Each structure stands twice: as structure tokens, then as C-alpha cells.
Amino acid sequence: MTGAKDKEDRLEAAAGWLARLQSDDSTEADWQAFEEWLAEPGNRDAVNSIEASLADVDNYKTELHDQLAGMGGEVLEFPQRPVKRNRARASPWIVLVGGLAAAAAALVILVRMPPPPAAVSESVYSASATETRQVKLADNSSIWLNRGSAIKVQFSDLERRVILEKGEASFTVTHDAARPFVVKSGDAVITDIGTEFNVLRSGADISVTVRSGMISLAFGANAPVTAEAGQQVQFGSKGSEITLTQVNPDDAFAWQKGRLVFHDASLAEVAKRLSAYSKITVKAEPQVEELRFSGALMLGSAEEMVSQLQAFLPIRAETGKEEIVLKGR
Amino acid sequence: MTAEASPASSSLLAIYVAKRSDLVRFFTTRTASAAEAEDIVQEIYLKLARVEPETVGNPTAYIYRLGTNVMLDRARSRRRATARDGEYLNTSTTTITGIEPEAETPSPEAVMEGRQKLASLLRAVRELPAQCQRVFVMHKLQDKSYGEIAAELGISKSAVEKHMMTALKRLGDHRP
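All chains use their own residue numbering, which begins from 1 and follows the written sequence. Here the convention is simple: chains get letters from A, ligands get numbers from 1, in the order in which they are written. With pLDDT at 70 or above as the cut-off, local features in this predicted model cover only qualifying residues; side-chain atom pairs require 80 or more to be listed or tallied, and sums for whole chains, interfaces and linings still use all residues. Calculation of side-chain values draws on the structure's entire complement of heavy atoms; hydrogens and water are dropped beforehand.

Description of the overall build of chain B
Per the secondary structure count, chain B includes seven helices and zero strands. Runs of H or I in DSSP of at least four residues are treated as helices and runs of E of at least two as strands, each being numbered from the N terminus. Moving toward the C terminus, one meets the helices and strands of chain B in the order α-α-α-α-α-α-α. Taken across its 176 residues, chain B has 41% of its residues classed as buried. Contacts are assigned to residue pairs that have any heavy atoms within 4.5 Å of one another. Pairs at least 24 residues apart make up 54% of the contacts formed inside chain B by residues separated by at least 6 positions. Accessible surface, chain B: about 9000 Å² in total, of which carbon and sulfur atoms supply 55%. Buried, partly exposed and exposed residues are distinguished by accessible area as a fraction of the type maximum, computed with a 1.4 Å probe on protein chains only: under 20%, between the cut-offs, and over 50%, respectively. The method behind every accessible area is Shrake-Rupley, applied with a 1.4 Å probe, and residues are considered shielded solely by the protein chains displayed.

What follows is the structure in C-alpha cells.
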């Protein structure tokens, strides 16, 4: 048998084995037969080759899903139609929300993170780059994902756990005294005591805003902080500072209606937030990063939102393949 | 090192103990390293202490699958540790992974390579026959089980398995 045909056959057999063994119905006998087959020279390489490809698929899971999925819903469309971005509006608009009391207090505390209990069922959800997405969970809680965001849901008998891997999500949690609802993002652990809150992750910075009810947040080894309706807690990447501010929670949830709201935010903060939903990094150069912006941007691609910004601030944007740099005009 | 085992998981642990030498032998064959096999089987033990077996179909097969995932996770961590140029890191600079610190910015070569790899993967998946592509995406990108896929598409589980086999073979072909 020639090398090439041999290799083909082994690859096919390997594919058959892997497909079989991934099934919930596979038995011990299957694994034993697989072990016997593996012992033959050349077979292990065939399996490794396929598994290496699967590892690549896993690495690029979000991008592949974005490219292959339809408009962010459960149903995927085949064959792939090019995704149209229909939010390119030329005139942005400002909404200034009045009546905000901003009281900032910085707290620093120390405590351990609780150990993770058993995860039984795990599901992964992600929103495409162009649409937000709503997910309903088995307990009737719902999670709304902003563009480009990804979560992992792990429900067990002990706890309902969600991991916010990237981006932004808002949670409406049904009450279950027996099973706390826990959201983890980076080093932050948010336990829900109430019902509605929003979590935004930009890099290692986490911002949690409560609309109703109460939550308890623990960041890394710090002691839990409680936040109630109308409060926003921010965990910064620099050290263990936890900032608690009084906010209008609707602003944090405004993205559900297609707007990102900012209050006296520095351009550096705005850039960071825009980067949270996008594969493109938005950066502000030192000479402009302290410019303040208050207003609302229409949720869109990073380029679209930056061009809205340019109408209000004396900046210009230099767009590269991986990043957009905001400079002075 | 002891792990606290809930009463419910002790039956899984009992099976583990009975099959331990089988598992070591299997993973030795699978990884060609007795030392690696030992480490994997030990990690299986630690994970088993936390699982609720009511949801586990065939417990022994489940343990083998768990071990396979451990094996793959370990291989991935090793690749990440040795690939300093960011070759295996997700090249999207705004993606944040769980507990890892902010990744170093990958070199332009690594970024290009990452793009090419993604493009090649995308091509491979798009070239799959329609139903096969659907099954693959549901299983590998949406983490649905064969049972769920079968129910959603209105086909048998063995049909799902056959489609996965086709997809895996094609994926394997794409790699040199």
C-alpha cells in the first residue's frame, strides 16, 4: 500500500473513531477497541492531526461563529450570506441625561474567593459582531449580550454560574434561594441577591451596574462589596481599587436600545469601552486622552462610533488593520 | 492531596479506582508517555470528586472522555507556554480570556499567520456539505450534544455521528 493512500485510510478511520467517542452513547468497549487500534503505527499520528485541527477550531471559536452565523440568533444560516451592517448613520445625536448625583467612594478590602462548585451542564453563547442577542436560561433568567460578547453558562444543583468571557451582558435573574446566581468575569465574582444588573468587561476592568435588587461583588482576594439599585461598582486593573458610584442605571443598559451613554468620561475611557465590543482596539493618544465626553453614541462598529465622536471632539482617527488611534486635529 | 467528594460522586470514584490501571494504559498508548498518562489520570481523579453522576450516561466512557479533555487541555497549555511569539494565542487583541493576564501583543508575523489560519479553517468548514456543516457547527461551535443536534435537525444520532466523521476527516485533510 502506498504511503498516501495508507495515510488517507488512517485519517478516515481516525475521524470515525473520534466521531464515535464524542457521542454520549459511547461505551467502555468502544474505548478499548480504540486503544487497540491506536497501538498500530501511524494511527496515533492520524488522530493527533485531527485533534490539532480541532484545537485550532476551538481557538478561533468566536471568530468562526461570527463568520458562519446569521444575525446573532439561535438559527444559523447556510450558506453564508455576507453580513450587512445597516447602522451607518451619518448624524449622531446627543442625549444629555440630567439629574445625576455622582458620589465616588474608593474602597479597598480583603477576603477569599469562594471555591467553584460542580459544573454539570455547560453552554456557551456568544453574540456576533453586528447584533446583540438575548438568551433565556433553564431557570427562566435571561441574559442579554451586547455585540461581540461571549458567556459560558454552568448550571448545577448547587449554583447557577455564568462566566462573562468578553464584552458586556445584562442579567435578569429569577429568584432561587437554593441556588445562588453567580457571574464571574476575570477576577470578579458577582453574586445576585436581587434581580437586574449589567456587567461590562473592558480588558481587566469590570464595571457592574445594578438596576433593581442587590448584588454582592468580590474581586480577586478582596472582601465582598454590596451594591444596590442605582449603584455602579468598578474594579480597575490597577491594584485592588474598587470604586462605588451612584448612577442612573438606565445608562448602563442603554446599549440594549442601541446607545452607549457616557457621562464626563475621558477619551481614554471611551476608547477602552469601544474596544470592549470590537476586535479592533481603539486608543487615544496622550495629548487627547483627557478630553471629556458626555453624550450617547449609536451602537455600531468601532469605526462608526469613532466617526460619531469626531463630530463632538477635536480629534481625528487614524484607522489601521487592528486598531484605531485617536489624535488631535 | 485529597479532594472533598460528595456522597453522590463516590460511585464515579469507585469506578475510577477499578479502572485506574486501564486508564493509565490507555493514555500511555494515546500520548506515548507513561509519565503524562499518570498526570492525566491523577487530574481525572481531582475532577471526578466534583461531578454529579446523575447526569452521566455511561460512567466509564464518561471518565475516558473527561481524561481526553484533560489531555487536550494540558497539550494546549504546553503549546501556549512554548509559543512566546503569540502564535497560538488568539490574535484578536481585544479578546479577554478568563484568568490570564493581558496577552503580550503578538508580532505582525504571528498576526498574519493567525489570520491565515482562520481563513483556512473558515474555508474548510464552508466547503463541508450543507448538513454536515450544520452538524459540525452545532457540535463544535455551539457545544450541542449529538442528542440535541439529532432532535433539532430531525435526524438520527447515528446520522449525526456520520456527519461528524465526514467533517473531522475533511478537517484532518486540511492540515499537512
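Focus: the overall build of chain A
Each helix and strand in chain A was counted, giving seven helices and 19 strands. Going through the 329 residues of chain A one by one, you find that 51% of them count as buried. Total accessible area on chain A stands at roughly 14600 Å², and carbon and sulfur atoms take up 52% of it.

Overview of the packing of aromatic side chains
The aromatic pairing rule takes the rings of Phe, Tyr and Trp, using the six-membered ring of Trp, and pairs them if the centres are within 6.5 Å, calling planes under 30 degrees apart stacked, those over 60 edge-to-face and the rest tilted. Across all of its chains, the model carries 15 aromatic pairs over all chains by this definition. Ring geometry for Trp-17 of chain A and Phe-34 of chain A: centres 5.6 Å apart, planes at 45°, overall tilted. One end of the pair, Trp-17 of chain A, is in helix 1 (residues 3-21); the other, Phe-34 of chain A, is in helix 2 (residues 28-38), and 17 residues separate them in sequence. Taken individually, Trp-17 of chain A and Phe-34 of chain A each receive the classification buried, so the pair is uniform in this respect. Ring geometry for Phe-171 of chain A and Phe-197 of chain A: centres 5.0 Å apart, planes at 20°, overall stacked. With Phe-171 of chain A in strand 6 (residues 160-172) and Phe-197 of chain A in strand 9 (residues 196-202), this pair connects stretches of sequence that are 26 residues apart. Note on accessibility: Phe-171 of chain A and Phe-197 of chain A belong to one class, buried. Through successive ring pairs, a cluster of aromatic residues spans Trp-17, Trp-31, Phe-34 and Trp-37 of chain A together with Phe-26, Phe-27 and Tyr-64 of chain B. Distance and angle both matter: a charge sits over a ring if NZ of Lys or CZ of Arg is within 6 Å of the ring centre and within 35 degrees of the ring normal. Against the face of Phe-253 of chain A rests Arg-211 of chain A, its NZ or CZ located 3.8 Å from the ring centre. The ring of Phe-262 of chain A is capped by Arg-273 of chain A, whose NZ or CZ atom sits 5.2 Å from the centre of that ring.

Quick word on the interface of chain A and chain B
With 67 residues of chain A at the interface, the matching set in chain B holds 65 residues. Salt bridges, as used here, are contacts in which a Lys or Arg side-chain nitrogen is within 4 Å of a carboxyl oxygen on Asp or Glu. The interface formed by chain A and chain B includes 10 salt bridges. The partner of Arg-65 of chain B in a salt bridge is Asp-24 of chain A, and the shortest N-O contact between them spans 3.7 Å. For the side of chain A that touches chain B, the element with the highest residue contribution is helix 3 (residues 43-59) of chain A, accounting for 14 residues.

Thoughts on the packing of helix 5 (residues 130-141) of chain B against helix 7 (residues 157-174) of chain B
Angle between the axes and distance between the axes: these two values describe a pair of packed helices. Residue and element names in this part refer to chain B. What counts as an axis is a line fitted to C-alpha atoms, over the stretch in contact for a helix, and the angles between N-to-C directions run from 0 to 180 degrees. Closest axis-to-axis distance for the helix 5/helix 7 pair is 9 Å, and the angle between their directions is 90°. Classified by the angle between their axes, helix 5 and helix 7 sit roughly perpendicular to one another. Each of Gln-131, Cys-132, Val-135, Phe-136, His-139 and Lys-140 in helix 5 lies in contact with helix 7, whose residues at this interface are Val-160, His-163, Met-164, Thr-166, Ala-167 and Leu-171. Side-chain classes follow a simple rule in which Ala, Val, Leu, Ile, Met, Phe, Trp, Tyr, Cys and Pro form the nonpolar group, Asp, Glu, Lys and Arg form the charged group, and the remainder, Gly included, forms the polar group. Looking at the contact of helix 5 with helix 7 residue by residue, the class counts come to seven nonpolar, four polar and one charged. Just so you know how the angles are binned, under 35 degrees is roughly parallel, over 145 roughly antiparallel, 65 to 115 roughly perpendicular, and the rest oblique.

Describing the environment of Asn-48 of chain A
Residue and element names in this part refer to chain A. The residue Asn-48 is located in helix 3 in this model. When its relative accessible area of 34% is taken as the criterion, Asn-48 is described as partly exposed. Linking Asn-48 and Leu-11, residues 37 residues apart in sequence, is a C-alpha distance of 9.8 Å.

Digging into the pairing of strand 10 (residues 205-212) of chain A
Residues and elements named next belong to chain A. Two strands pair if DSSP finds at least two bridges between them. Of the strand pairs in this sheet, strand 9 and strand 10 are connected by seven bridges, and their pairing is antiparallel. Across the sheet, residue Asn-198 finds its bridge partner in strand 10, namely Thr-209. Following strand 9, the chain reverses through two residues before pairing antiparallel with strand 10; Gly-203 in that reversal takes a positive phi of roughly 65°. Sheet analysis places strand 10 next to strand 13 (residues 231-235), joined by four bridges and oriented antiparallel. When the bridges of strand 13 are listed, Ser-207 appears paired with Gln-234.

Some words on unusual backbone geometry
Residues and elements named next belong to chain A. Of note in this structure, Asn-140 is not a glycine but carries a positive phi near 75°. Relative to the helices and strands, Asn-140 is located in the loop between strand 3 (133-136) and strand 4 (142-145). Positive phi is not limited to glycine here, since Asp-264 has a value of about 45°. Position of Asp-264 relative to the elements: it lies in strand 15 (residues 259-266). According to the relative accessible area criterion, Asp-264 is partly exposed, its value standing at 46%.

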